[in-house]
Amino acid sequence: DGRKAAFSITGMTCAACAARIEKGLNKMDGVYNATVNLAMESASVEYNPAGSGPKEIVSQIEKLGYGAAVKK
Ligand code: 9UX
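Residues numbered from 1 in each chain as written. Predicted model: local features only at pLDDT ≥ 70, side-chain atom pairs only at ≥ 80, totals over all residues. Heavy atoms only, no water.

Thoughts on helix α1 (residues 15–26)
Worth spelling out the cut-off: Put simply, DSSP marks the helices as runs of H or I at least four residues long and the strands as runs of E at least two long, and each gets a number from the N terminus on. Helix span, expected: 1.5 Å multiplied by one less than the number of residues in the helix. Under the scheme applied here, a residue whose accessible area is under 20% of the maximum for its type counts as buried, over 50% as exposed, and between as partly exposed, the area being computed with a 1.4 Å probe on protein chains only. The arc refers to the directions leading from the helix axis to the C-beta atoms. Two residues qualify as a contact provided that any one of their heavy atoms is within 4.5 Å of a heavy atom in the partner residue.
The end-to-end C-alpha separation of α1 is 17 Å, in line with the 16 Å expected for 12 residues at 1.5 Å each. By the burial criterion, the buried members of α1 are C17, A18, I21, G24 and L25. In an axial view of α1, the angular spread of the buried residues amounts to 130 degrees, which keeps them on one side of the axis. Of the residues in α1, the exposed ones pointing more than 90 degrees away from the buried face are A15 and K23. Turning to α1, the residues buried within the fold contact β1 (3–10), β2 (31–37), β3 (42–47) and α2 (54–63).

A closer look at the site of the ligand
The cut-off we apply is this: Nearness here has a simple test: a residue counts as near a molecule or strand if at least one of its heavy atoms is within 4 Å of that partner. N or O atoms closer than or at 3.5 Å make up a polar contact, with two conditions inside protein: a donor-capable atom paired with an acceptor-capable one, and, for residues adjacent in sequence, both atoms drawn from side chains.
In the vicinity of the ligand, the contacting residues are T13, C14, A16, C17 and Y66. The side chain of Y66 places a nitrogen or oxygen atom 2.8 Å from an oxygen atom of the ligand.

Structural notes on the side chain of S52
Note that S52 resides in the loop between β3 and α2. In this structure the side chain of S52 is engaged in a polar contact, spanning 2.4 Å, whose partner is the backbone oxygen of D29. Once you skip the residues sitting within four places of it in the chain, S52 turns out to touch M28, D29, G30, V31 and Y47.

Here we look at the nonpolar core
Here is the rule: By convention a nonpolar core is built from buried Ala, Val, Leu, Ile, Met, Phe, Trp, Tyr and Cys residues, the set being connected through side-chain atoms within 4.5 Å.
Of all hydrophobic cores here, the largest spans 20 residues; its most connected members are I9, M12, I21, L25, V45, I57 and I61. Top element by residues in this core is α1. It accounts for four residues. Apart from residues lying up to four places away in sequence, V45 is in contact with R3, K4, A5, F7, L25, V31, N33, A34 and I57.

Considering the pairing of β2
To be explicit about the condition: Note on pairing: DSSP must find at least two bridges between two strands before they are called paired.
Inspection of the sheet shows β2 paired to β3 by six bridges, in the antiparallel sense. Looking at β3, one finds that A34 is bridged to V45. Here β2 folds back onto β3 in antiparallel fashion, the turn holding four residues, of which E41 has a positive phi close to 50 degrees.

A word on the environment of T35
Take T35: it is sitting in strand β2. Taking the C-alpha atoms as reference, T35 lies 8.7 Å from I21; in sequence the two are 14 residues apart. Once residues within four sequence positions are removed from consideration, T35 is found in contact with E22, S42, A43 and S44.

Structure below.
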């Protein structure tokens, strides 16, 4: 069963940054659909908690070289 979480992202400076992050999130286990919004400095991710959760998603964004936090 899918869940959805929003993340704030820092450090994106061009559209290719957003595309890189989308690609990196969409290949994760359990991630169905990730969309990154450059202007809003945010990401919306649909995931299966059996595969990945907000913690793993934040780690993946950081691994790609950006700052990330779960949006409250
Ligand atoms: Mo654009 Mo982002 O040339 O790391 S891809 S700045």
